[in-house]
Amino acid sequence: MDQNFDCLVIGAGFAGAVAARELAERGGKRVLVLERRDHIGGNAYDCLDNAGVLIHQYGPHIFHTANRRVYEYLSRFTQWRDYQHRVVANVYGVEMPVPFNLTSLMLAFGLEKAEILEQKLVEAYGPEKKVTILELRQNPDPQIADLAEYVYQHVFLYYTMKQWGQKPEEIDPNTTARVPVFLSRDDRYFQDPYQGMPLEGYTPLFRRMLHHPNITVVLGEDASRRMTLPEEGGVLLDGAPFTGPVIYTGAVDELFGCRFGRLPYRTLDFRFETYDVDQWQSHATVNYTVSEPWTRITEFKLLTGQVLPGKTTIAKEISRPYTAEDGQIPYYAIINPENNALYARYKALAEGRGRFYLLGRLAEYKYYNMDAIVARALELCDGLLEEKGV
Ligand code: FAD
Ligand code: UDP
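Description of the structure in this document.

Conventions and cut-offs
- Residues numbered from 1 in each chain as written.
- Chains lettered and ligands numbered in written order.
- Predicted model: local features only at pLDDT ≥ 70, side-chain atom pairs only at ≥ 80, totals over all residues.
- Heavy atoms only, no water.
- Pairing = 2+ DSSP bridges.
- Helix = DSSP H or I, 4+ residues; strand = E, 2+ residues; numbered from the N terminus.
- Near = heavy atom within 4 Å.
- Polar contact = N/O pair within 3.5 Å; in protein donor to acceptor, adjacent residues only side chain to side chain.
- Areas by Shrake-Rupley, 256 points an atom, 1.4 Å probe, with all protein chains shown as cover.
- Nonpolar A, V, L, I, M, F, W, Y, C, P; charged D, E, K, R; others polar.
- Axes fitted to C-alpha atoms, helices over the stretch in contact; angles between N-to-C directions.
- Parallel < 35°, antiparallel > 145°, perpendicular 65-115°, else oblique.
- Contact = heavy atoms within 4.5 Å.
- Salt bridge = Lys/Arg side-chain N within 4 Å of Asp/Glu carboxyl O.
- Buried < 20%, exposed > 50% of the residue type's maximum accessible area, 1.4 Å probe, protein only.
- Phe/Tyr/Trp six-rings, centres within 6.5 Å; stacked < 30°, edge-to-face > 60°.

### Focus on the sheet that holds strand β17 (residues 265-275)
If you trace the 7 strands from one edge of the open sheet to the other, you get β8-β7-β18-β19-β20-β17-β21, paired in mixed fashion. Both outer strands of the open sheet, β8 (94-98) and β21 (332-333), are each paired with one neighbouring strand and no more. By the bridge criterion, 10 bridges tie β17 to strand β20 (residues 312-321) in an arrangement that is antiparallel. Within β20, the position partnered with E273 by the bridge is I314.

What follows is the structure, encoded as structure tokens:
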């Protein structure tokens, strides 16, 4: 038994950091956090680039939640910049709000036709309602069907093909449902009551969360160098049996040498470009829904509110299949029944280890936003701390 630590946490993203803090602070446990990267924060990590612009190295992260507990919990570690995310789609040079809404309707069809369509839509679904594109495409009214076809072709089809290599109707319906058609003039990407950006960035938030006398973080340390899972069961830490809880937030197939085959993911290439201008594009994020090989371009200063005259950095996102080569990062689980079944086989192996918990976007093979991960980490620790002897 390792004498120095009560709990082991693998990964220092939102899942690992919240769990570590809870076990250390609320549970009074000594927690060892192993993180393979040379920094904390997981995919929410941010840092200054060479031009001094605060960038999100693993893609733009906007915090939003309806969960008050999550918001209050994170507010212990950061103040917030009041920020409401607004996205436009570039449709042959015309920028229209995404999610497609009543303003987009007007931009696409002109005032007269938009008024008729608005009336029909509101009659069919009700005012201020959200309707998924797949649902809208089922509508038998010919005018609504034409509109649905327009939105499908101009907002969803090409973007989804780029992002997933599949058509909207071929992917998990919950994915396109994230961006429904919105019968409203509210042009925000999210309607959650709590939204914002950490005032000083995500990395300082993580630094404060992990700064606790009971927490030891080791960076640049892949769990496989310290933790082994012998065939006969149990967990070894540095070669000795470890009986405390282990919270694992990495990819579950890697834990078992991918013995049933790799879990499929999409990865992203981020092309960062810096320009000598104050502002490069109209909105923090512009989606390219009918043209260009990238799905979207984000301009970080417009997210973070950083004041830095004469310089700005953007990131273009290009999606492709994950092959686990060249340090590729598995960003998006490809959720379908076959992959879920493969995941279930790995999960069963992990759970056979006893007090071994899979937590987070990778470990649970789910499409979770940050707030969902924080909520799950808090709930997992609620349960663990109720258990005697944790
Ligand atoms: P991660 O952040 O991936 O952290 C896992 C950590 O574990 C990593 O640091 C990894 O290095 C480490 N690790 C893995 N294996 C090992 C190992 N064997 N040994 C040691 N360490 C290991 N959510 C939002 O709410 N808003 C957004 O705007 C948003 N934008 C996103 C944009 C993109 C492009 C992507 C991909 C995701 C976005 N998300 C967003 C989702 C968000 O990134 C996740 O919800 C969150 O990062 C999940 O945290 P996590 O701790 O589960 O995983
Ligand atoms: N989507 C689309 N066009 C858009 C925005 C989103 O087709 O302009 C679809 C696409 O399939 C995408 C999904 O909706 O993967 C979810 O979009 P979201 O912005 O939530 O993706 P994330 O920010 O998580 O990458």
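### Structural notes on the site of ligand 2
Among the 18 residues in the neighbourhood of ligand 2, the closest are listed as W164, R178, Y189, Y332 and Y367. Within the side chain of R178, an N or O atom sits 2.7 Å from an oxygen atom of ligand 2. Within the complex, the protein chains bury 94% of what would otherwise be the 520 Å² of accessible surface of ligand 2. Put simply, the parts of the chain that give the shell around ligand 2 at least two residues each are α6 (142-164) and α7 (173-176). No other element matches α6, which puts 6 residues into the shell around ligand 2. The residue makeup of the shell around ligand 2, split by class, is 10 nonpolar, 6 polar and 2 charged.

### What about the sheet that holds strand β13 (residues 227-228)?
Pairing in this open sheet of 3 strands is antiparallel, and the strands run β13-β14-β15 from one edge to the other. Two strands lie at the open edges of the sheet, namely β13 and β15 (240-241), each paired on one side alone.

### Some points on the packing of helix α1 (residues 14-25) against helix α2 (residues 68-75)
Look at α1 against α2: their axes get within 13 Å of each other, and the N-to-C directions meet at 75 degrees. Here α1 lies roughly perpendicular to α2, going by the angle between them. Here α1 contributes F14, V18, R21 and E22 to the contact with α2, which in turn contributes R69, Y73 and L74. Residues of the contact of α1 with α2, tallied by class, amount to 4 nonpolar, no polar and 3 charged.

### As for the pattern of salt bridges
If you walk through the whole model with that rule in mind, you get 26 salt bridges. We note a salt bridge from D186 to R188, for which the minimum N-O separation is 2.8 Å. The salt bridge partner of E221 is R225, with a shortest N-O separation of 2.7 Å. Taking the relative accessible area as the measure of exposure, E221 reaches 11% and is therefore buried. What makes R225 exposed here is its relative accessible area of 64%. Several salt bridges share partner residues, and in doing so they unite E22, R26, R69 and D382 into one network.

### A look at the packing of aromatic side chains
Evaluation of the coordinates by the stated rule reveals 23 aromatic pairs. Arranged with centres 5.0 Å apart and planes meeting at 45 degrees, the rings of F260 and Y346 form a pair that is tilted. Here the residue F260 occupies a position in the loop between α10 (252-255) and β17, and Y346 occupies one in helix α12 (residues 337-351), the gap between them amounting to 86 residues. Residue class for F260 comes out partly exposed when judged on its relative accessible area of 28%. A connected cluster of aromatic rings, assembled from ring pairs, spans F63, Y71, W80 and Y194.

### Side note on the site of ligand 1
Looking at ligand 1, there are 29 residues lining it, with E35, H61, I62, Y368 and M370 nearest. At 3.4 Å, a side-chain N or O of R37 approaches an oxygen atom of ligand 1. R361 is positioned with one of its backbone polar atoms (N or O) 2.9 Å from an oxygen atom of ligand 1. Protein chains shield 95% of the accessible area of ligand 1, which is 1000 Å² for the free molecule.

Everything listed is a geometric property; what it means functionally is a separate question.
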